[in-house]
2 protein chains.
Amino acid sequence: MNKIIAISRQYGSAGRTIGVKLADKLGIKCYDSALLDKIAEKTGFDKKYIKESGEYTSSGSWMLSAIAGRDYNGHSIQDEIWNVQREVLIEIAEKESCVIVGRNADYVLDGKADILSVFIHASEEARIDRIVNDYKEVSDKEDPARKLRQMDKRRRAYCQLYTDIQWGDARFYDVCLDSSRFGIDKCVEILSGMYEVL
Amino acid sequence: MNKIIAISRQYGSAGRTIGVKLADKLGIKCYDSALLDKIAEKTGFDKKYIKESGEYTSSGSWMLSAIAGRDYNGHSIQDEIWNVQREVLIEIAEKESCVIVGRNADYVLDGKADILSVFIHASEEARIDRIVNDYKEVSDKEDPARKLRQMDKRRRAYCQLYTDIQWGDARFYDVCLDSSRFGIDKCVEILSGMYEVL
């Protein structure tokens with residue numbers, strides 16, 4: 001089986017950056033935007049839309065999201081994206097060892113690859129600094145702390161809707177790291193050491 | 001400030017063994033039974049009783065435990081042990097760098113030492129094997145899986161009663177590791193590498 005590092009992460013925790021650097025260090029591919037391309041190709045949906053709908057519930061309330069927008073067969077567009085995403089992840093896992101950021105790859109690929117499941121989090125202070133100054137994803141009108149809470153809530157709800165994993169609960173991951181405590185490079189070093197012993 | 005590795009752990013996850021081996025590797029002390037001695041000395045209570053009451057609620061229900069056994073000032077014996085335990089932990093932190101297993105040391109010593117907070121967990125299978133074959137803490141009449149659940153529930157409830165930490169929630173720890181995934185020695189190696197960069 002191929003060896004896959006599946007990274008789940010809090011919004012603004014640098015989980016994506018860690019994934020990219022880790023893949024680079026290990027000489028394997030990091031699936032992130034490349035994953036979006038594949039899903040977009042299969043579904044015909046816009047990448048921006050998939051980025052949103054394939055990881056976040058469409059509102060703060062997962063119940064609302066679960067009920068809203070379903071057709072007569074009980075399927076929503078979100079379900080459609082979940083299914084295609086699942087197929088794409090399985091194809092990738094069969095093809096190569098890699099890093100996958102987000103998309104609940106740990107759950108989808110359980111039993112289909114040798115998974116190192118990772119959860120990256122960070123202090124609120126570090127995350128606010130990152131989303132405001134690095135990502136520049138906060139408008140002047142938004143409260144960054146509120147944005148963090150909303151985004152995490154939507155990721156948690158999405159995870160709850162489609163998987164048996166309790167998002168952010170240590171028991172469901174091989175390793176969880178506070179990136180603000182260790183820094184990005186040390187996280188990459190730690191995870192790379194773990195990958196070697198998989 | 002002294003550097004302290006505070007280990008919280010699921011019952012049967014080998015967190016204690018990892019703590020002992022880690023302290024040995026780093027050439028520092030591991031406070032575990034030594035901590036019980038100090039608390040016993042200060043309170044006059046039996047070590048066995050302190051072992052139980054200083055980390056576990058006295059019943060499966062933390063509400064019941066919080067209400068039961070209180071004197072007219074609202075203090076229970078459990079509160080008394082918590083207070084002495086707190087004093088002992090602070091004394092240790094002021095004296096030396098060390099490993100402390102359990103006792104919510106991460107919460108108590110926040111700001112009083114340079115803390116590496118760790119949560120160790122493991123698969124149910126590995127934990128059952130450990131408590132039945134290594135600890136020999138399961139009688140023939142007991143269901144080991146049920147015992148795991150009960151012990152964890154009581155540790156979580158105790159943590160909830162006395163601290164602001166959500167037991168086992170990754171966000172509250174610097175690092176969480178699945179000891180059944182990596183093995184005890186690899187966990188020791190990982191944590192020892194983290195201690196060096198504290």
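Rules of the game
Residues numbered from 1 in each chain as written. Chains lettered and ligands numbered in written order. Predicted model: local features only at pLDDT ≥ 70, side-chain atom pairs only at ≥ 80, totals over all residues. Heavy atoms only, no water. Buried < 20%, exposed > 50% of the residue type's maximum accessible area, 1.4 Å probe, protein only. Helix = DSSP H or I, 4+ residues; strand = E, 2+ residues; numbered from the N terminus. Pairing = 2+ DSSP bridges. Least-squares fit on C-alpha atoms with pLDDT ≥ 70 in both. Contact = heavy atoms within 4.5 Å. Buried area = accessible area lost by both parts, 1.4 Å probe. Salt bridge = Lys/Arg side-chain N within 4 Å of Asp/Glu carboxyl O. Polar contact = N/O pair within 3.5 Å; in protein donor to acceptor, adjacent residues only side chain to side chain. 1 Å grid on protein atoms, 1.4 Å probe; cavity = no way out; pocket = protein on both sides within 12 Å on 5 of 7 lines; lining within 4 Å. Points joined across faces, edges and corners; volume = space filled by probe spheres on them. Nonpolar A, V, L, I, M, F, W, Y, C, P; charged D, E, K, R; others polar. Core = buried A, V, L, I, M, F, W, Y, C linked by side-chain atoms within 4.5 Å. Arc of directions from axis to C-beta. Axes fitted to C-alpha atoms, helices over the stretch in contact; angles between N-to-C directions. pLDDT = per-residue confidence, 0-100. Expected span 1.5 Å × (residues − 1).

**A short note on the pairing of strand E3 (residues 98-101) of chain B**
All names here are of chain B.
(1) Moving on: Of the two faces of E3, both are covered, the one formed by Cys98 and Ile100 as well as the one formed by Val99 and Val101.
(2) Moving on: Where strand E2 (residues 29-31) meets E3, three bridges bridge the pair, whose relative direction is parallel. Counted as the bridge partner of tyrosine 31 is isoleucine 100 from E3.

**What to know about the relation of the copies chain A and chain B**
(1) Moving on: Rotating chain A by 180 degrees and translating it 0.0 Å along the rotation axis places it on chain B, where the RMSD comes to 0.0 Å. Expressed as an axis order, the relation between the two copies is that of a two-fold axis.
(2) Moving on: Residue by residue, 100% of the interface of chain A is reproduced at the interface of chain B, so both copies engage with the same surface.

**Some words on the interface of chain A and chain B**
(1) Moving on: Between chain A and chain B, the residue contacts involve 25 residues of the former and 25 residues of the latter.
(2) Moving on: Counting each side, the surface lost to burial between chain A and chain B is near 1,800 Å², with a carbon and sulfur contribution of 57%.
(3) Moving on: In terms of surface lost to chain B, no three residues of chain A exceed Arg171, Asp174 and Arg181 of chain A, which account for 28% of the buried area on that side.
(4) Moving on: For the interface between chain A and chain B, the tally reads four salt bridges.
(5) Moving on: In this structure, the salt-bridge partner of aspartate 114 of chain A is arginine 181 of chain B, at a minimum N-O distance of 3.5 Å.
(6) Moving on: Viewed at the interface, chain B and chain A are joined by 13 residue pairs in polar contact (both at pLDDT 80 or more).

**Looking at the layout of surface pockets**
(1) Moving on: The space that makes up the largest pocket amounts to roughly 780 Å³.
(2) Moving on: Lining the largest pocket are 30 residues, with Ser123 and Asp178 of chain A together with Arg171, Phe172 and Tyr173 of chain B sitting closest to its centre.
(3) Moving on: Listed by contribution, the elements that provide at least two residues to the lining of the largest pocket are helix H7 (124-134) and helix H8 (144-162) of chain A together with helix H6 (105-108) and strand E4 (114-121) of chain B.
(4) Moving on: Of the residues forming the lining of the largest pocket, the biggest block, five residues, is contributed by H8 of chain A.
(5) Moving on: Each residue belonging to the lining of the largest pocket can be placed in one class, and the counts come to eleven nonpolar, five polar and 14 charged.
(6) Moving on: The space that makes up the second largest pocket amounts to roughly 440 Å³.
(7) Moving on: Lining of the second largest pocket is provided by 26 residues; of these, Arg16, Lys51, Tyr56, Glu137 and Arg155 of chain A occupy positions nearest its centre.
(8) Moving on: Those elements giving two or more residues to the lining of the second largest pocket turn out to be helix H1 (15-26), helix H2 (33-43), helix H3 (47-53) and H8 of chain A.

**A look at the pattern of salt bridges**
Opposite charge on two side chains permits pairing when their charged atoms draw close.
Residue and element names in this part refer to chain A.
(1) Moving on: All chains considered together, the criterion is met by 26 salt bridges over all chains.
(2) Moving on: Between aspartate 37 and lysine 47 there is a salt bridge, and its shortest N-O distance comes to 2.9 Å. Placement of aspartate 37 in helix H2 and of lysine 47 in helix H3 is noted, with a sequence separation of ten residues between them.
(3) Moving on: Judged by relative accessible area, aspartate 37 falls into the partly exposed class, the value being 37%.
(4) Moving on: The exposure class of lysine 47 is partly exposed, given its relative accessible area of 35%.
(5) Moving on: The partner of lysine 147 in a salt bridge is glutamate 142, and the shortest N-O contact between them spans 3.8 Å.
(6) Moving on: Accessibility expressed as a relative area gives 14% for lysine 147, which makes it buried.
(7) Moving on: Connected via shared salt-bridge partners are Lys42, Glu87 and Glu91.

**Some words on the side chain of aspartate 169 of chain B**
(1) Moving on: You can see aspartate 169 of chain B is positioned in the loop between helix H8 (144-162) and strand E5 (175-178).
(2) Moving on: A polar contact of 2.7 Å, which involves the side chain of aspartate 169 of chain B, links it to the side chain of arginine 171 of chain B.

**Quick word on the nonpolar core**
(1) Moving on: Membership of the largest hydrophobic core comes to 44 residues, with the highest contact counts inside it found for Leu177 of chain A together with Leu177 of chain B.
(2) Moving on: Not counting residues up to four positions away in its chain, the partners in contact with leucine 177 of chain B are Asp174, Val175 and Met194 of chain A together with Phe119, Ile120, His121, Phe182, Cys187, Ile190 and Leu191 of chain B.

**Some details on H7 of chain A**
All names here are of chain A.
(1) Moving on: Listed in full, the buried residues belonging to H7 are Arg127, Arg130 and Ile131. With its buried residues spanning 90 degrees around the axis, H7 presents them on a single face.
(2) Moving on: Each element contacted by the buried residues of H7 is listed here: H8 and helix H10 (184-197).
(3) Moving on: Phi turns positive one or two residues past the end of H7, at lysine 136, with a value near 50 degrees.

**A short note on the sheet that holds E3 of chain B**
Sheets are built from strands that pair by backbone hydrogen bonding, the pairs being arranged parallel or antiparallel.
(1) Moving on: A sheet is described by the order of its strands in space; here ten strands give the open sequence E2(A)-E3(A)-E1(A)-E4(A)-E5(A)-E5(B)-E4(B)-E1(B)-E3(B)-E2(B), paired in mixed fashion. Whereas interior strands pair on both sides, the edge strands pair on one side only; in this sheet they are strand E2 (29-31) of chain A together with E2 of chain B. Recorded for the sheet is a direction-independent mean angle of 20 degrees between the axes of neighbouring strands.

**Concerning the confidence of the model for chain A**
(1) Moving on: Overall, the prediction assigns chain A a mean pLDDT of 89, with 91% of residues at 70 or greater.
(2) Moving on: With pTM at 0.91, the complex prediction returns an ipTM value of 0.91.

**Some details on helix H10 (residues 184-196) of chain B**
(1) Moving on: Over its 13 residues, H10 of chain B extends 19 Å from the first C-alpha to the last, a length consistent with the 18 Å expected when each residue adds 1.5 Å.
(2) Moving on: When we look at burial in H10 of chain B, the residues that qualify are Lys186, Cys187, Val188, Ile190, Leu191, Ser192, Met194 and Tyr195 of chain B.

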